[in-house]
Amino acid sequence: MMDITSDQREAWSKRPENHEWEGIIGPHYKRPDGVVNIEALHEIARLNGLTDTRSEYGHLNVGQVAMNIRNRLRILWKQGMLKLPSI
């Protein structure tokens, strides 16, 4: 299990690029209460050609799955190739 310290979490949250990324992707996979809708995130991954997310990350917890998918989607965003469903 990966332990993230409060200092690491705070440092991540202060990076402007991370705020921008979460502002773009967050509304598509987070419920209004902030809880991750992992099914929505899998669907975004599928929409972007990442068809292996369920089998590849099946042994991980929801937070780890979300992190891995978001990291892969972030690459597409940086390349200007990210596809998102309508909200």
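Look up: the structure comes first, before these words.
What you are looking at is a predicted structure, and each value in this text was computed from that prediction instead of being measured.

### Comments concerning the packing of helix H2 (residues 16-29) against helix H5 (residues 62-78)
Between H2 and H5, whose axes approach to 11 Å, the crossing angle comes to 110°. With respect to H5, the axis of H2 lies roughly perpendicular. For the crossing formed where H2 meets H5, the hand is right-handed. Along its contact with H2, which presents Glu 17, Asn 18, Glu 20, Trp 21, Glu 22, Ile 24, Ile 25 and Tyr 29, the element H5 presents Arg 70, Leu 73, Arg 74, Trp 77 and Lys 78. Within the contact of H2 with H5, the residues separate by chemical class into 6 nonpolar, 1 polar and 6 charged.

### Notes on the environment of Arg 54
Position of Arg 54 relative to the elements: it lies in helix H4 (residues 53-56). Taking C-alpha positions, Arg 54 is 7.3 Å from His 42, a pair spaced 12 residues apart along the chain. With sequence-adjacent residues up to four places away left out, Arg 54 is seen in contact with Glu 39 and His 42.

### Describing the nonpolar core
If you look at the biggest cluster of nonpolar residues, it comprises 16 residues, and the most contacted ones within it are Trp 21, Ile 25, Leu 41, Ile 44, Ile 69, Leu 73 and Leu 82. Sort the elements by how many residues they give to this core and H5 lands first, with 6 residues. In this structure Ile 25 touches Ile 44, Leu 73 and Leu 84, once residues within four positions along its chain are discounted.

### Details of the layout of surface pockets
By volume, the largest pocket is sized at about 680 Å³. Lining the largest pocket we find 21 residues, and of these Ile 4, Arg 9, Trp 12, Met 67 and Arg 70 sit closest to its centre. Every element with two or more residues in the lining of the largest pocket is listed here: helix H1 (6-14), H2 and H5. By residue number, the principal contributor to the lining of the largest pocket is H5, which donates 7 residues. Across the lining of the largest pocket, the residue classes tally to 9 nonpolar, 6 polar and 6 charged.

Criteria and cut-off values
The numbers attached to residues start from 1 for each chain and follow its sequence in the written order. Where local features are concerned, this predicted model is filtered to residues with pLDDT of at least 70; where side-chain atom pairs are given and counted, the filter is 80 or more; whole-chain, interface and lining totals use all residues. To obtain the side-chain values, all non-hydrogen atoms of the structure were used and water was disregarded. Axis geometry follows a simple rule: fit a line to the C-alpha atoms, using only the stretch in contact for helices, then measure angles between N-to-C directions, giving values from 0 to 180 degrees. Secondary structure is summarised from DSSP: a helix means a run of H or I of at least four residues, a strand means a run of E of at least two, and numbering begins at the N terminus for each. With respect to orientation, any angle under 35 degrees is reported as roughly parallel, any angle over 145 as roughly antiparallel, any angle of 65 to 115 as roughly perpendicular, and every other angle as oblique. Here a crossing is called left-handed whenever its near helix is offset anticlockwise from the far helix by less than a right angle, and right-handed whenever the offset is clockwise. Two residues form a contact once any of their heavy atoms are found within 4.5 Å. Note that Gly is not counted as nonpolar here; it falls among the polar residues with everything else outside the nonpolar set of Ala, Val, Leu, Ile, Met, Phe, Trp, Tyr, Cys and Pro and the charged set of Asp, Glu, Lys and Arg. In plain words, nonpolar cores are sets of buried Ala, Val, Leu, Ile, Met, Phe, Trp, Tyr and Cys residues tied together by side-chain atoms within 4.5 Å. Think of it in three bands: residues with accessible area under 20% of the maximum for their type are buried, residues over 50% are exposed, and the middle band is partly exposed, with areas taken using a 1.4 Å probe on protein chains only. The rule is simple: put a 1 Å grid over the protein atoms alone, call a set of points where a 1.4 Å probe fits but cannot get out a cavity, call an open set with protein on both sides within 12 Å along at least five of seven lines a pocket, and count a residue as lining if it has an atom within 4 Å of a point. Grid points are joined across faces, edges and corners, and a volume is the space filled by probe spheres set on the points.

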